[in-house]
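The lines below spell out each chain.
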Amino acid sequence: MNEESFPNSLKTISDIRMRYSGFIGSCAGGGGTFRLTPKAEITPFGLCFAVFGLHLLGAREVIYELKDIWAVRLRENIRSERRALGDRPTSKAYRQLLCFTLSALSAIGALHSDPLDDLVSEQLPRDIKDELLELGCLSGVPQSGNQAMFLAVFLIHARDYLGNKNADEALDRWVDLHFSHMNDFGFWGKSRGMTHLQFQNGYHQYEILEYLGKGNLKSRNAPSFVAGLADGLGHFAPYPGGGGCYDYDAVSLLTSSGISLDECIMQILLQTAASIVSEERPSGGFAESVYVRPRSLGNTLRFARGVASAAGKPSLFMERLKYAITLQRSVHNRIHTHWSAYSRSWDEADLWDSWFRIMTLARIEIACDPAAAAKWGFIDYPGIGFHPCLHGSARP
């Protein structure tokens with residue numbers, strides 16, 4: 001597709017990029033620090049998300065000016081977190097911050113000087129199969145996809161930056177185990193039907209498969225099942241408004257290398273882009289969802305339509321019904337995460353959702369016009385932020 005066929009949502013992407021850059025600046029806390037939102041406290045995660053966003057926008061001058069300050073702060077942040085924990089921490093929060101820190105250091109060109117050997121080496125599994133099974137990664141346990149990705153990132157890092165000769169064998173085993181445990185939908189876990197949990201959880205393993213250039217018949221069929229979960233606005237969450245993670249994860253799978261973009265999938269992608277653009281917040285950032293709160297007749301009907309559209313698909317119907325009921329509880333009036341002590345509102349712009357929304361738009365733009373990849377700064381490091389356009393680029 002050429003630029004003439006782009007929808008208005010993609011034609012305005014230059015303005016969106018500019019406003020997003022301004023939103024990142026509004027979250028700055030001084031001294032190279034950042035907040036998750038302008039109202040939140042300074043956190044290590046806020047810094048990582050800001051670095052990712054600026055790198056995606058190609059803000060070379062800002063990165064060059066602050067890279068030394070950021071490199072020191074990124075390393076201090078992760079080492080401070082490590083000192084507060086016991087032997088070989090394996091929590092999602094710590095491993096996520098470690099992976100984000102490695103990606104951020106890579107993005108600013110500061111990873112080679114200190115690849116955090118000790119922190120990564122202690123995370124390497126003694127037996128990859130035992131750890132994957134223990135974490136539930138091969139059976140689709142919620143959040144296990146994150147853990148599977150973390151382990152693979154550590155193994156790739158050990159191979160590429162630490163000269164670990166055993167990492168390749170473990171990586172091959174990681175891939176073989178995931179392929180041998182795939183269900184008929186191309187994901188993990190026993191299910192009689194496709195669900196949002198399957199792809200949102202399994203997306204993380206696909207990030208690694210994409211980076212390694214691996215695939216099989218089931219994995220190539222996965223995008224068609226994911227496409228069937230889109231709602232009328234092109235969102236992919238089990239609740240209205242998509243959610244930054246759900247939409248990006250789905251679009252990442254739909255635009256992965258080797259996937260044929262038929263007219264149906266392309267129309268879904270263009271609808272997703274149009275919806276994301278329309279949901280931009282006044283601050284220039286993006287939120288988790290603008291349709292979960294406040295409670296209103298319109299939002300209630302959106303939940304009801306989502307559940308009703310899954311009629312005849314028991315697994316999907318029950319999943320959406322569960323969310324429709326659970327998210328009405330007062331405990332879910334705001335979003336609580338380990339990224340910040342501050343709990344944000346559903347429609348409040350934050351650095352995480354903003355980064356994901358802009359990456360989603362970037363991937364859709366490149367799907368329409370591959371030459372557009374030159375406008376974006378994806379991260380040539382395993383994990384979130386990688387794009388297949390980087391295949392063949394110089395690696396460590």
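Use the structure listed above.
What counts and what doesn't
Positions within a chain are numbered from 1, following the residues in the order the chain's sequence is written. pLDDT decides what is reported in this predicted model: residues at 70 or higher carry local features, side-chain atom pairs at 80 or more are listed and counted, and totals for whole chains, interfaces and linings draw on all residues regardless. Side-chain descriptors were evaluated using all non-hydrogen atoms of the structure, hydrogens and water having been removed beforehand. Side-chain rings of Phe, Tyr and Trp, where Trp is taken by its six-membered ring, are said to pair if the distance between their centres is within 6.5 Å; with planes under 30 degrees apart they count as stacked, over 60 as edge-to-face, and otherwise as tilted. Helix and strand definitions here come from DSSP, where helices need a minimum of 4 consecutive H or I residues and strands a minimum of 2 consecutive E residues; each element is numbered from the N-terminal end. Each residue is placed in one exposure class: buried if its accessible area under a 1.4 Å probe, protein chains only, is under 20% of its type's maximum, exposed if it is over 50%, and partly exposed if it falls in between. A ring has a charge above it when a Lys NZ or an Arg CZ is no more than 6 Å from the ring centre and no more than 35 degrees off the ring normal. What a helix should span is 1.5 Å times the count of its residues minus one. Polar contact is the term for a pair of N or O atoms within 3.5 Å; when the atoms are in protein, one must be able to donate a hydrogen and the other to accept it, and sequence-neighboring residues count only if both atoms are side-chain atoms. Think of a salt bridge as a Lys or Arg side-chain nitrogen and an Asp or Glu carboxyl oxygen that are within 4 Å of each other. Working convention: axes come from line fits to C-alpha atoms, limited for helices to the stretch in contact. Angles between N-to-C directions cover 0 to 180 degrees. Every angle not falling under 35 degrees, over 145, or within 65 to 115 is termed oblique; those three ranges are roughly parallel, roughly antiparallel and roughly perpendicular. By convention the crossing between two helices is left-handed if the near helix lies anticlockwise of the far one by an angle smaller than a right angle, and right-handed if it lies clockwise. In what follows, a contact means two residues having at least one pair of non-hydrogen atoms within 4.5 Å. Gly is placed with the polar residues, together with every amino acid not listed as nonpolar (Ala, Val, Leu, Ile, Met, Phe, Trp, Tyr, Cys and Pro) or charged (Asp, Glu, Lys and Arg).

1. Points about the packing of aromatic side chains
Remark: the centre distance and the inter-plane angle together describe each pair of aromatic rings, the angle taken between the planes. A full pass over the atoms with the stated rule returns 25 aromatic pairs. Between the aromatic rings of Trp-339 and Trp-352, the centroid separation amounts to 4.5 Å while the plane-to-plane angle is 40°, which identifies the pairing as tilted. In this pair, Trp-339 is assigned in the loop between strand E3 (334-337) and strand E4 (340-345) and Trp-352 in helix H16 (residues 351-368), connecting sequence segments 13 residues apart. Each member of the pair Trp-339 and Trp-352 is classed as buried. When the centroid spacing of 6.0 Å and the interplanar angle of 70° are considered together, the rings of Trp-352 and Trp-355 count as edge-to-face. Here Trp-355 and Trp-352 lie together in helix H16, a separation of 3 residues that amounts to about one turn. Here Trp-352 matches Trp-355 in class, with each residue buried. Cluster of aromatic residues (ring-pair linked, three or more members): Phe-45, Phe-49, Phe-52, Phe-100, Tyr-203, Tyr-248, Trp-339, Trp-352, Trp-355 and Phe-356. The side chain of Arg-17 reaches across the aromatic face of Trp-376, ending 4.4 Å from its centre.

2. Looking at H16
Along its 18 residues, H16 runs 26 Å from first to last C-alpha, staying within 8% of the 26 Å computed at 1.5 Å per residue. Between the side-chain oxygen of the N-cap and the backbone nitrogen of Trp-352 there are 3.0 Å, and the N-cap of H16 in question is Asp-350.

3. A few points about unusual backbone geometry
Going from Arg-293 to Pro-294, the amide bond is cis rather than trans, its omega being 0°. If you check the backbone angles, Arg-88 has positive phi at about 30° while not being a glycine. Among the secondary structure elements, Arg-88 is positioned in the loop between helix H4 (60-83) and helix H5 (92-107). On the basis of relative accessibility, which here comes to 28%, the residue Arg-88 falls in the partly exposed class. In the Ramachandran plot, Gln-143 falls in the positive-phi region, its phi being about 70° despite a non-glycine side chain. Note that Gln-143 resides in the loop between helix H7 (128-135) and helix H8 (144-161).

4. A closer look at the pattern of salt bridges
For the coordinates displayed, the defined rule picks out 14 salt bridges. Residue Lys-375 pairs with Glu-365 through a salt bridge whose shortest N-O separation is 2.7 Å. Of this pair, Lys-375 sits in the segment after H16 while Glu-365 is found in helix H16, placing the two residues 10 residues apart along the sequence. Overall, the relative accessible area of 36% leaves Lys-375 in the partly exposed class. Via salt bridges that share partners, Arg-88, Arg-95 and Glu-131 belong to a single interconnected network.

5. Focus: the packing of helix H12 (residues 244-254) against H16
Between H12 and H16, the shortest axis-to-axis distance is 9 Å and the interhelical angle comes to 25°. Looking at the two axes, H12 sits roughly parallel to H16. Read as a crossing pair, H12 and H16 show a hand that is left-handed. Together, Gly-244, Cys-245, Asp-247, Tyr-248, Asp-249, Val-251 and Ser-252 of H12 and Trp-352, Asp-353, Phe-356, Arg-357, Met-359, Thr-360, Arg-363 and Ile-364 of H16 make up the contact between the two elements. Of the residues contributing to the contact of H12 with H16, the split by class is 7 nonpolar, 3 polar and 5 charged.

6. Describing the side chain of Thr-101
Inspection of the secondary structure puts Thr-101 in helix H5. Judged by its relative accessible area of 1%, Thr-101 falls in the buried class. In this structure, Thr-101 is in contact with Cys-48, Leu-74, Ile-78 and Leu-116, ignoring residues within four places of it in sequence.

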